[in-house]
Amino acid sequence: MEPYRIKTVEPIRVTTRAQRETALRAAGYNVFLLHADDVMIDLLTDSGTGALSAAQWAAMMNGDESYAGGRSFYRFRDAVHDLTRYEHIIPTHQGRAAERILFQTLLQPGDLVVNNIHFDTTRANIEFVGAEARDVVIREARVPSLSHPFKGNVDLEQLERVLRDEGERVAMVMVTITNNSGGGQPVSMENLRGVRALCDRYGKRFFLDACRFAENAWFIREREAGFGEKSPKEIAREMFALADGCLMSAKKDGLANIGGFLAMNDAALAERCRGLLILTEGFPTYGGLAGYDLEAIAQGLQEVVDVEYLRHRIGSIARLATQLTMAGVPIVQPPGGHAVYIDAGALVPHIDRAEFPGLAVANALYIESGVRASEIGSLMFGSAAQLELVRLAIPRRLYTESHLDYVANAVIHVAAEAAQLSGYRITYAPQFLRHFSARFEPCSAGFPACV
Ligand code: F0G
């Protein structure tokens, strides 16, 4: 059961299939262009979409909106320091702002950053300064059906090869916990220790992309020998202690609707980052956030490491994944910490990659049920796509088990009719990040084919 009860409710507008067909057509068959009021259960992202606790709302009323030196900053700083033990803590308005500030401060054109798998904004911010982002995740991560307890792990041999061959070009090593772009998969403590040892040997800086650190800590507790008796907070501290700093989007495991931070031990680097922060985000004691946002994050970071919260969070995603697997729906195995990924490539093999199998499944799911999910495949990555996935990202504390049962039934229903689904062709696409605003038309006149 959910280890919390509901104090405030927000109605869901229940729509009919005909209404959803009209809404999706008007949105050019792109769920990003839907009015969110036309969505019944929104699994587009787990970022900034969670429910706040009573304690967070109470703390927010106590927010100090002083321009400089506000009380809320110190509470935020102390909460981040208590968790990470890093000396220098720099608030930003969200994760990608932390990325931009770090990379524009640290990187030169031609530099190389190595990561298990860079998240899209991380990669884009590295490439924006003319540097290269290279992924060195273990081979198992690329095979959806293959189970592995720590499918987010770095391939240490590959990392060492890059460190040896690329030498001075490598500006820093990063590890994303959990590995979002690889399915929300965790990284083991042993693997983080291995990365630390290599960074020491080659004299490289090591940062965590920590936005789902608590979920990663939970998997370590459950799956790695020697951690079963430790608290998630102790495990998180151990992870942070292995790195020199972190980037964080507090919209995930900060349990906040907005916010992020940079944290590190290098005083000189922090000073340079603060310089850029003032230029584009704000004074170092608010970094583009309201005082009440800093309060929400400070409180959220304490709540997110709660054993009962994490047990339910990871358990409910595993339960959804089990329901789908039992019904024969192909998903990325094992399920990750924040999402279940449907393997659309396996579900609708008759749809050519050029006609976007993931879009076909996501759109059928919306029409069937009002559940909004996102394509992660050929539409998002073009010819670079390795897999055709549909992500069901679960916001934190927002939906009940009953909502997730509804989702499972809807996915199972769509899967049963998968052979009848048809693909899409693009009628409009912008130059960059086309998945957000492209428009489509169905390839078959019989659309929508799912019953
Ligand atoms: N790093 C990772 C691993 C992420 O998943 C995200 C965001 C970011 C950085 C950037 O953080 O959104 O606060 O600027 N992921 C969201 C998602 C958008 O839907 O997976 P942000």
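Residues numbered from 1 in each chain as written. Predicted model: local features only at pLDDT ≥ 70, side-chain atom pairs only at ≥ 80, totals over all residues. Heavy atoms only, no water.

Colleague: How would you sum up the sheet that holds strand β2 (residues 88-92)? Please name residues and give values.
Modeller: Spatial ordering of the open sheet is given by β2-β8-β7-β6-β5-β3-β4, a layout of seven strands whose pairing is mixed. Because the sheet does not close on itself, it has two edges, and the strands there are β2 and β4 (132-135). Across the sheet, the mean angle separating the axes of adjacent strands is 20° when strand polarity is ignored. Examined bridge by bridge, strand β3 (residues 112-115) and β4 share four bridges and lie parallel to one another. The residue bridging Val114 from the neighbouring strand is Arg134, located in β4. (Pairing = 2+ DSSP bridges. Helix = DSSP H or I, 4+ residues; strand = E, 2+ residues; numbered from the N terminus. Axes fitted to C-alpha atoms, helices over the stretch in contact; angles between N-to-C directions.)

Colleague: Please set out the sheet that holds strand β12 (residues 389-393) residue by residue, giving values where relevant.
Modeller: A sheet is described by the order of its strands in space; here three strands give the open sequence β9-β12-β11, paired in antiparallel fashion. Among the strands making up the open sheet, the edge pair consists of β9 (339-343) and β11 (374-376). Here the average twist between neighbouring strands, direction ignored, is 35°. Those strands touched by helix α14 (residues 357-369) are β11 and β12, and its axis lies near 40° from that of β12. (Contact = heavy atoms within 4.5 Å.)

Colleague: Summarise the site of the ligand; cite the residues concerned and give the values.
Modeller: Around the ligand lies a shell of 17 residues, among which Thr45, Arg96, Ser249, Lys252 and Arg391 are the nearest. A distance of 2.6 Å separates an oxygen atom of the ligand from a polar atom in the side chain of Ser249. The fraction of the free accessible surface of the ligand (470 Å²) that becomes covered by protein chains is 94%. Per-element accounting of the shell around the ligand gives the leading share, three residues, to helix α4 (residues 95-106). Tallied by class, residues from the shell around the ligand come to two nonpolar, eight polar and seven charged. (Near = heavy atom within 4 Å. Polar contact = N/O pair within 3.5 Å; in protein donor to acceptor, adjacent residues only side chain to side chain. Areas by Shrake-Rupley, 256 points an atom, 1.4 Å probe, with all protein chains shown as cover. Nonpolar A, V, L, I, M, F, W, Y, C, P; charged D, E, K, R; others polar.)

Colleague: Which residues make up unusual backbone geometry, and what are the values?
Modeller: Leaving glycine aside, a negative phi is the common case for residues, and trans is the common case for peptide bonds. Put simply, Ile177 and Thr178 share a cis peptide bond, and its omega is -20°. Within the secondary structure layout, Thr178 lies in the loop between β5 (170-176) and α7 (189-202). Residue Gln333 is joined to Pro334 through a cis peptide bond whose omega torsion reads -15°. Along the chain, Pro334 turns up in the loop between α12 (307-326) and β9. Of note in the backbone geometry, Tyr29 takes a positive phi value of approximately 55° without being a glycine. Within the fold, Tyr29 resides in the loop between α1 (17-26) and β1 (41-42).

Colleague: Tell me about the domain arrangement of the protein, and name the residues and values.
Modeller: Per the domain assignment, the segments making up the protein are domain 1 (17-39 + 306-442) and domain 2 (54-303). Computed from C-alpha atoms alone, the centre-to-centre distance between domain 1 and domain 2 is 27 Å. Of the roughly 2,100 Å² buried where domain 1 meets domain 2, counting both sides, 56% is carbon and sulfur surface. When the area that domain 1 buries against domain 2 is broken down by residue, the three leading residues are Leu310, Pro334 and Arg396, summing to 25%. Across the pair Glu303 and Arg397 runs a salt bridge, and its minimum N-O distance is 2.8 Å. At the level of elements, α12 and β9 are the ones that each hand at least two residues to the side of domain 1 that touches domain 2. Among the elements that make up the side of domain 1 that touches domain 2, the one with the highest residue count is α12 (six residues). Classifying every residue of the side of domain 1 that touches domain 2 gives eleven nonpolar, five polar and seven charged. (Domains from an automatic or database assignment. Buried area = accessible area lost by both parts, 1.4 Å probe. Salt bridge = Lys/Arg side-chain N within 4 Å of Asp/Glu carboxyl O.)

Colleague: How would you explain the environment of Ile138 if you had to name every residue and give the values?
Modeller: Assignment of secondary structure puts Ile138 in the loop between β4 and α6 (156-166). Under the relative-accessibility criterion, Ile138 is labelled buried at 11%. Note: C-alpha distance between Ile138 and Val154 (16 residues apart in sequence) is 5.5 Å. Setting aside anything within four residues of it in sequence, one finds Ile138 in contact with His148, Phe150, Lys151, Asn153, Val154 and Asp155. (Buried < 20%, exposed > 50% of the residue type's maximum accessible area, 1.4 Å probe, protein only.)

Colleague: Can you explain α7? Please cite residues and give values.
Modeller: For α7, built from 14 residues, the straight-helix expectation of 20 Å at 1.5 Å per residue is met to within 8% by its first-to-last C-alpha distance of 20 Å. For α7, the complete set of buried residues consists of Met189, Asn191, Leu192, Gly194, Val195, Arg196, Leu198 and Cys199. The inward-facing, buried residues of α7 contact α6, β5, β6 (205-209), α8 (213-223) and α9 (232-242). Looking one or two places after α7, you find Gly203, whose phi comes out positive at around 65°. (Expected span 1.5 Å × (residues − 1).)

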